[in-house]
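Residue-level structural notes
Below, each chain spelled out in residue letters.
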Amino acid sequence: MFRNFWRSSPAPRTRPASFRPRVEILEDRTVPSTGFGLFANPLVPVSPTTGAIVEGDFNNDGKRDLAVVGRTMGGLNQVNVLLGNGNDTFQSPIATNLPDNANGQLSLAVANFDSDNLLDLAVTNSVSGLATFLFGNGGGSFPASSSLLVGMGAASVLQAATPGRFANSGGIDLAVAGSADTNVYLLRNNNNRTFTQTQTVNTLLTGIRSLVTGD
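Cut-offs used in this document
Residues numbered from 1 in each chain as written. Predicted model: local features only at pLDDT ≥ 70, side-chain atom pairs only at ≥ 80, totals over all residues. Heavy atoms only, no water. Helix = DSSP H or I, 4+ residues; strand = E, 2+ residues; numbered from the N terminus. Buried < 20%, exposed > 50% of the residue type's maximum accessible area, 1.4 Å probe, protein only. Contact = heavy atoms within 4.5 Å. Areas by Shrake-Rupley, 256 points an atom, 1.4 Å probe, with all protein chains shown as cover. Core = buried A, V, L, I, M, F, W, Y, C linked by side-chain atoms within 4.5 Å. Phe/Tyr/Trp six-rings, centres within 6.5 Å; stacked < 30°, edge-to-face > 60°. Pairing = 2+ DSSP bridges. Axes fitted to C-alpha atoms, helices over the stretch in contact; angles between N-to-C directions.

Side note on the overall build of the protein
- Of the regular secondary structure elements, the protein holds zero helices and twelve strands.
- Ordered by position from N to C terminus, the α and β elements of the protein give β-β-β-β-β-β-β-β-β-β-β-β.
- Out of the 215 residues in the protein, the part that is buried amounts to 38%.
- A separation of at least 24 residues holds for 39% of the contacts in the protein among residues at least 6 apart in sequence.
- Per element, the accessible surface of the protein, about 13500 Å² overall, is 53% carbon and sulfur.

Okay, here's the thing in structure tokens:
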């Protein structure tokens, strides 16, 4: 004997007579458009191998810009600055070559290291053990630089950096840490675009990959 598993469909629901459709006003948002019914291309080409990214106003126009550090196909380590247009789009990247071209993880920190009211960058390289300071010219490029060997050099595998006023130097200093040792290294600002490693703090932690500052 076969059982009947077929069931009749339920009767459609009817709306009450008091039902009225409700209209809601959506949040007003603007999306960049080409003007032809297409959205603007959100992609801006930079180095094929990119690392850290930071934001800041690198040309003092009141619009937020981006800085990206990476490695070119030719093996050069570069910082690419994308100047913002103020409408969610960016200009073509402005490249600054790093003096150290050793391959490795690159980290970025942004601050006004030389007290000229123009933003600068600090880049650490995990292979060379160098901290490189790039001093901005207010146009998105960094024609002047200085470098410092930190900690145990390449053995420290530098992967984290954060700026702050740590040493009462009158300028902005830099704290750097590596993932291969347990130390945080303090780089004191000499206020002449050079830095000196003045203190090493053993955190008893291995694999340090990020640093933040606070009071």
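Comments concerning the nonpolar core
- Grouped together as the largest cluster of nonpolar side chains are 17 residues, with contacts concentrated most on F113, F133, V150, L174, V176 and L187.
- Going through the elements one at a time, strand 5 (106–111), strand 7 (130–135), strand 9 (158–164), strand 10 (173–178) and strand 11 (183–189) are the ones with two or more residues in this core.
- If you tally residues by element for this core, the top one is strand 7, at three residues.
- Those residues in contact with F133 that sit more than four places away from it in its chain are F113, L121, A122, A144, S145, S146, L174, L187 and F195.
- Grouped together as the second largest cluster of nonpolar side chains are 15 residues, V54, V69, L106 and L134 included.

So, the packing of aromatic side chains
- Throughout the structure, instances matching the rule amount to four aromatic pairs.
- With 6.2 Å between their ring centres and 80° between their planes, F58 and F142 make a pair best called edge-to-face. You can see F58 sitting in the loop between strand 1 (49–56) and strand 2 (65–71) and its partner F142 sitting in the loop between strand 7 and strand 8 (144–149), a full 84 residues away along the chain. Accessibility classification places F58 together with F142 in one group, the buried group.
- Aromatic pair F113 and F195: ring centres 5.8 Å apart, planes at 85°, arrangement edge-to-face. Placement of F113 in the loop between strand 5 and strand 6 (120–125) and of F195 in strand 12 (residues 195–202) is noted, with a sequence separation of 82 residues between them. Across the pair, exposure class does not vary: F113 and F195 are buried alike.
- These aromatic residues form a ring-pair network of at least three members: F113, F133 and F195.

Some thoughts on the sheet that holds strand 5
- One open sheet holds the four strands; their spatial order is 5-6-7-8, and the pairing between them is antiparallel. If you trace the sheet from one side to the other, it starts and ends with strand 5 and strand 8, each paired once. Shown here is a sheet whose adjacent strand axes are inclined to one another by a mean of 20°, direction ignored.
- Bridge analysis of strand 7 against strand 8 gives six bridges, and the strand direction is antiparallel. Bridge pairing in strand 8 links T132 to S147.

Looking at the pairing of strand 3 (residues 77–82)
- Counting buried positions along strand 3 yields six of six residues, so the element is predominantly enclosed.
- Residues N77, V79 and V81 point to one face of strand 3 and Q78, N80 and L82 to the other, with burial holding for every one of them.
- With six bridges joining them, strand 2 and strand 3 adopt antiparallel strand pairing. When the sheet's bridge partners are listed, G70 is paired in strand 3 with Q78.

What about the environment of L186?
- Looking at where L186 falls in the secondary structure, it is placed in strand 11.
- Overall, the relative accessible area of 11% leaves L186 in the buried class.
- In this structure the C-alpha to C-alpha distance between L186 and V176, which are ten residues apart in sequence, comes to 6.5 Å.
- Residues within four places of L186 in sequence aside, it is in contact with F166, A167, D173, L174, T196, Q197, T198 and Q199.

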